[in-house]
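The primary structure of each chain is shown beneath.
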Amino acid sequence: MRIQSATEPGATGHPNEDFAAFATPTEAGDGALVVLDGVTGPTGDSGCEHGVTWFSARLGGALLTAIGTAPSVPLTECLAHSITRTADAHRDSCDLSHRRTPQATVVCVRWNARSVEYLVLSDSILLIRESTGAFRTVLDDRLDQLRPAARRLPPDQRVAFVEGARNAPGGFFTAAADPSVARLAVTGSLPRERVRTVAALTDGLGRWVETFALGDWPALLTALTDRGPAAIVAEVRAAESADPEGAAHPRGKTHDDATGVVVDLG
């Protein structure tokens, strides 16, 4: 088994709001990974004194512990438990009902000798290459479905539109303070012998495909495996810097936190 990872903040001097961690707790080759992308809110009050980086690290650590130490508990239940545990850590000091309370997207994977289980919530990405060479992309595309409507609005109304759709019926969902969103995640399982490689990415690294069209998802997984996540982050940074105003490649901000974890299961 080989695991490669890289994470880089979008801006120098700004905290990285992504979180990535993995564990291989047994000699039998069992393991787990967690990748979170903290949601950067507009400047102003969020009702929380801790911030997004604290939240991502707290939730990510709780989730890795949960999925690694309770192998028979479904990933959705592990995520719900971790959301509750994180909320309990600051509900006495913070307003968790605030629409901008810290929150994050989630990708997690757990594997053992029999199976590979996965969960995706919101717009981070999971790539899987099977032992036959077959490829699959696991996406929660509810936010993508809302983006065309947002683009039709005047620019000064787009943020409010997206915020109004977050964790709301008919909208999209992130891990914040409500554990019930866990059951809305995209989940699945494959036999272990069918899986060769998995890669979990935040959308900042997914820009390689979605924003700059440097290749498709299978090409990205090959690049991550062959050259490593740090090299691919560097390619995204170069593309961002070549178009700083977003004239050729429109996007919400010039640079974004970028994170990837690649696991070669053999």
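Before any of the text, the structure's been laid out above.
Fair warning: this is a prediction, and the values are worked out from it, not measured in the lab.

**Considering the packing of helix α5 (residues 203-210) against helix α6 (residues 217-227)**
The geometry of a pair of packed helices is captured by two quantities: the angle between their axes and the separation between those axes.
Phase 1: In contact at an axis separation of 9 Å, α5 and α6 are set at 125° when each is read in the N-to-C sense. On the basis of the axis angle, α5 is oblique to α6. When you trace α5 past α6, the crossing you get is right-handed. Here α5 contributes Leu 205, Gly 206, Trp 208, Val 209 and Glu 210 to the contact with α6, which in turn contributes Trp 217, Ala 219, Leu 220, Ala 223 and Leu 224.
Phase 2: Within the contact of α5 with α6, the residues separate by chemical class into 8 nonpolar, 1 polar and 1 charged.

**Description of the pattern of salt bridges**
Phase 1: Under the criterion given, the structure shown has 15 salt bridges.
Phase 2: The salt bridge partner of Glu 163 is Arg 100, with a shortest N-O separation of 2.7 Å. Of this pair, Glu 163 sits in helix α4 (residues 155-165) while Arg 100 sits in the loop between α2 (75-90) and β4 (104-111), and the two are 63 residues apart along the sequence.
Phase 3: Here Arg 207 and Glu 240 are joined by a salt bridge, their closest N and O atoms 2.7 Å apart. Of this pair, Arg 207 sits in helix α5 while Glu 240 sits in helix α7 (residues 229-242), and the two are 33 residues apart along the sequence.
Phase 4: Accessibility expressed as a relative area gives 7% for Arg 207, which makes it buried.
Phase 5: Relative accessible area serves as the criterion here: at 0%, Glu 240 is assigned to the buried category.
Phase 6: Ionic contacts of the salt-bridge type, sharing partners, join the residues Glu 8, Arg 207, Arg 237 and Glu 240 into one network.

**Regarding the packing of α5 against α7**
Phase 1: Following both chains from N to C, one finds α5 and α7 inclined at 70°, their axes separated by 9 Å at the closest point. By the angle class used here, α5 and α7 are roughly perpendicular. Remark: the crossing between α5 and α7 carries left-handed chirality. From α5, Gly 204, Leu 205, Arg 207 and Trp 208 reach across to α7, where they touch Ile 232, Val 233, Glu 235, Val 236 and Glu 240.
Phase 2: Classifying every residue of the contact of α5 with α7 gives 5 nonpolar, 1 polar and 3 charged.

**Quick word on the pairing of strand β5 (residues 115-121)**
Phase 1: The element β5 is largely enclosed, with a buried count of 7 among its 7 residues.
Phase 2: Side-chain alternation along β5 places Ser 115, Glu 117, Leu 119 and Leu 121 on one buried face and Val 116, Tyr 118 and Val 120 on a second face that is also buried.
Phase 3: If you look at the hairpin formed by β4 and β5, you'll find 3 residues sitting between the two strands.
Phase 4: Where β5 meets strand β8 (residues 186-191), 6 bridges bridge the pair, whose relative direction is antiparallel. Considered in β8, the bridge of Glu 117 is made with Ser 189.

**A closer look at the side chain of Glu 240**
Phase 1: Among the polar contacts made by the side chain of Glu 240, one reaches the side chain of Arg 207 at a distance of 2.7 Å.
Phase 2: Looking at Glu 240, its side chain comes within polar contact range of the side chain of His 255, at 2.7 Å.
Phase 3: The contact partners of Glu 240, leaving out residues within four places of it in the chain, are Arg 207, Phe 212, Arg 251, Thr 254, His 255 and Asp 256.

**Things to note about the nonpolar core**
Soluble globular proteins tend to bury their nonpolar side chains together.
Phase 1: Ranked by internal contacts, the top residues of the largest apolar core, which has 26 residues, are Val 34, Leu 63, Ile 67, Leu 79, Val 106, Leu 119 and Leu 121.
Phase 2: Where this core is concerned, the elements lending two or more residues are β2 (18-23), β3 (31-38), α1 (52-69), α2, β4 and β5.
Phase 3: Here this core takes 6 residues from α1, the largest share from any one element.
Phase 4: In this structure Leu 119 touches Leu 75, Thr 76, Leu 79, Val 106, Val 107, Cys 108, Ala 185, Val 186 and Thr 187, once residues within four positions along its chain are discounted.
Phase 5: Counting 19 residues, the second largest nonpolar core, distinct from the first, contains Leu 127, Phe 212, Leu 224 and Val 236.

**Quick look at α5**
Phase 1: In terms of residue burial, α5 counts as a mostly covered element, since 7 of its 8 residues are buried.
Phase 2: Of all the positions in α5, only Asp 203, Gly 204, Leu 205, Gly 206, Arg 207, Trp 208 and Val 209 are classed as buried.
Phase 3: Packing partners of the buried residues in α5 comprise β3, β6 (125-130), β9 (195-201), α6, α7 and β10 (258-264).

**Details of the side chain of Arg 129**
Phase 1: Topologically, Arg 129 is positioned in strand β6.
Phase 2: Of the side chains with opposite charge, Asp 226 comes closest to the buried, unpaired Arg 129, at an N-O distance of 7.2 Å.
Phase 3: Separated by 3.3 Å, the side chain of Arg 129 and the backbone oxygen of Pro 218 make a polar contact.
Phase 4: Polar side-chain contacts of Arg 129 include one of 3.3 Å to the side chain of Thr 222.
Phase 5: Among residues more than four places away in sequence, those in contact with Arg 129 are Ala 134, Phe 135, Arg 194, Val 195, Arg 196, Thr 197, Pro 218, Leu 221 and Thr 222.

About the criteria used
- Residues numbered from 1 in each chain as written.
- Predicted model: local features only at pLDDT ≥ 70, side-chain atom pairs only at ≥ 80, totals over all residues.
- Heavy atoms only, no water.
- Axes fitted to C-alpha atoms, helices over the stretch in contact; angles between N-to-C directions.
- Helix = DSSP H or I, 4+ residues; strand = E, 2+ residues; numbered from the N terminus.
- Parallel < 35°, antiparallel > 145°, perpendicular 65-115°, else oblique.
- Left-handed = near helix turned anticlockwise from the far one by under 90°.
- Contact = heavy atoms within 4.5 Å.
- Nonpolar A, V, L, I, M, F, W, Y, C, P; charged D, E, K, R; others polar.
- Salt bridge = Lys/Arg side-chain N within 4 Å of Asp/Glu carboxyl O.
- Buried < 20%, exposed > 50% of the residue type's maximum accessible area, 1.4 Å probe, protein only.
- Pairing = 2+ DSSP bridges.
- Polar contact = N/O pair within 3.5 Å; in protein donor to acceptor, adjacent residues only side chain to side chain.
- Core = buried A, V, L, I, M, F, W, Y, C linked by side-chain atoms within 4.5 Å.
- Lys, Arg positive; Asp, Glu negative; His and termini not counted.

Such coordinate-based values are descriptive only and should not be taken to indicate function.
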